[in-house]
Amino acid sequence: MLSALAEARLVPTPSSVDSNLSLERAYAVADEIRRLRIARGERPCGYKIGFTNRGIWDRYGVHAPIWAPIWDTTVESLEAARNEAVVSLAPFVQPRLEPEVMFGFATAPRAGMSEGELAACIDWVAHGYEIVHTHFADWRFRAADTVVDFALHGRLFVGRRVSIARFADPGPELAALRVTLTCDGRDVETGQAEIVLGGPLTALRLWVDAMSAQAQRWPIRAGDIVSTGTITDAAPIRPGEHWLTRLDDDRLVPAGLRTAA
């Protein structure tokens, strides 16, 4: 998988080689990938949660969340003034774009927290994008395959960070967020953040609890960034496009992304 990542090429799904591949074994592979990436000098800086959008489960045949580390090599902030970035698509295989809500932890959370207690651990909230991609042809896979495939993580673009204190009740307020994704001036799709397991903060809480039960015991640390999943379907992207979002909550800042070859 690391070779496929480096060479931006397709490979057979692990489940086509081993029909008994379980999620448990897939996370063991992901743990070894994590170890190898740290050994070669990459630094984990948080996590992405995938397949939190219940509206796309049937489309992709994955019916529960997955997750994976994100890295200092895959995370960047959008340019401050315009909240926009330019990205080459050369490193990605069949890339798609996801508008998301992401959080930054001030203190490490623990399993079993209420959403209010979890919000007290959060420093900031932001809107931005994740580029997802897959090394499996035609986006056909099983859930365990996606775990081995870096949880489909390609790149995370973190938008302007807003203090969580700006939200009086961040759970329902963020769940009510509506995002319209546009490409070259054309509306592609509108989604409401409630589709993400009931809202971004709820998705975060469920993930924190699930992480505590994971055999690999990956740490969640102060300073970690966690992206909570796409609010629309993942949109195929091509070179030469200009993507923007419109938000119905002016506490968060719309984001832009331009794609290059």
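What you see is a predicted model, and the numbers here were worked out from it, not measured in a lab.

Peer 1: Could you clarify how one ought to interpret unusual backbone geometry in this entry?
Peer 2: Most peptide bonds are trans, and most residues other than glycine sit at a negative phi. Of note, alanine 151 is a non-glycine position whose phi angle comes to about 55°, a positive value. Mapped onto the elements of the fold, alanine 151 is located in the loop between helix 6 (143–148) and strand 7 (153–158). You can call alanine 151 buried: its relative accessible area is 1%. Here aspartate 184, not a glycine, exhibits a phi torsion of approximately 50°, which is positive. For aspartate 184, the position within the fold is in the loop between strand 9 (178–183) and strand 10 (186–192).

Peer 1: Can you help me understand the sheet that holds strand 4 (residues 84–88) in this one?
Peer 2: Strands pair in a sheet through their backbones, by hydrogen bonds, and they do so in one of two ways: parallel or antiparallel. Taking strand neighbours across the sheet as the criterion, the five strands line up as 4-14-13-9-10 in an open arrangement whose pairing is mixed. The open sheet has two free edges, formed respectively by strand 4 and strand 10, since each of these has just one partner strand. Looking at each pair of strands side by side, their axes are set apart by 20° on average, direction ignored. Bridge count between strand 9 and strand 10: six bridges; the pairing is antiparallel. Bridging from a neighbouring strand, leucine 181 pairs with glutamate 189 of strand 10.

Peer 1: Help me out: how do you make sense of the environment of glutamate 24 in this one?
Peer 2: Structurally, glutamate 24 can be placed in helix 3 (residues 23–39). As for glutamate 24 and valine 147, which are separated by 123 residues in sequence, their C-alpha atoms are 9.8 Å apart.

Peer 1: Teacher, can you tell me more about the nonpolar core here?
Peer 2: The tendency in soluble globular proteins is for nonpolar side chains to be buried side by side. If you look at the biggest cluster of nonpolar residues, it comprises 56 residues, and the most contacted ones within it are Phe103, Phe105, Val125, Leu204 and Trp207. No other element matches helix 8 (residues 200–213), which puts six residues into this core. Residues in contact with phenylalanine 103, not counting those within four places in the same chain, are Ile122, Trp124, Val125, Ile164, Leu174, Pro200, Leu201, Leu204, Asp224, Ile225, Val226 and Thr228. One finds Leu89, Phe157, Ile237 and Leu257 within the second-largest nonpolar core, a separate group that totals 16 residues.

Peer 1: I tried to follow the side chain of aspartate 149 on my own but got confused; where do I start?
Peer 2: Position of aspartate 149 among the secondary structure elements: in the loop between helix 6 and strand 7. In terms of polar contacts, aspartate 149 uses its side chain to reach the side chain of threonine 134, at 2.9 Å. In contact with aspartate 149, other than residues within four places in its own chain, are Met1, His133, Thr134, His135 and Phe136.

Peer 1: Explain the environment of valine 11 to me, please; I cannot follow it from the model alone.
Peer 2: Residue placement: valine 11 occurs in the loop between helix 1 (2–7) and helix 2 (14–17). By relative accessible area, valine 11 is classed as buried at 17%. For the pair valine 11 and phenylalanine 105, spaced 94 residues apart in sequence, the C-alpha to C-alpha distance is 35 Å.

Peer 1: Help me understand the pairing of strand 2 (residues 66–71) in this model?
Peer 2: The side chains of a regular strand alternate between both faces of the sheet. Taken across its six residues, strand 2 has six buried, putting it largely inside the fold. Across six bridges, the pairing between strand 1 (residues 44–50) and strand 2 is antiparallel. Among the inter-strand pairings, proline 44 is bridged to a residue of strand 2, identified as tryptophan 71.

Conventions adopted
Residues numbered from 1 in each chain as written. Predicted model: local features only at pLDDT ≥ 70, side-chain atom pairs only at ≥ 80, totals over all residues. Heavy atoms only, no water. Helix = DSSP H or I, 4+ residues; strand = E, 2+ residues; numbered from the N terminus. Buried < 20%, exposed > 50% of the residue type's maximum accessible area, 1.4 Å probe, protein only. Pairing = 2+ DSSP bridges. Axes fitted to C-alpha atoms, helices over the stretch in contact; angles between N-to-C directions. Core = buried A, V, L, I, M, F, W, Y, C linked by side-chain atoms within 4.5 Å. Contact = heavy atoms within 4.5 Å. Polar contact = N/O pair within 3.5 Å; in protein donor to acceptor, adjacent residues only side chain to side chain.

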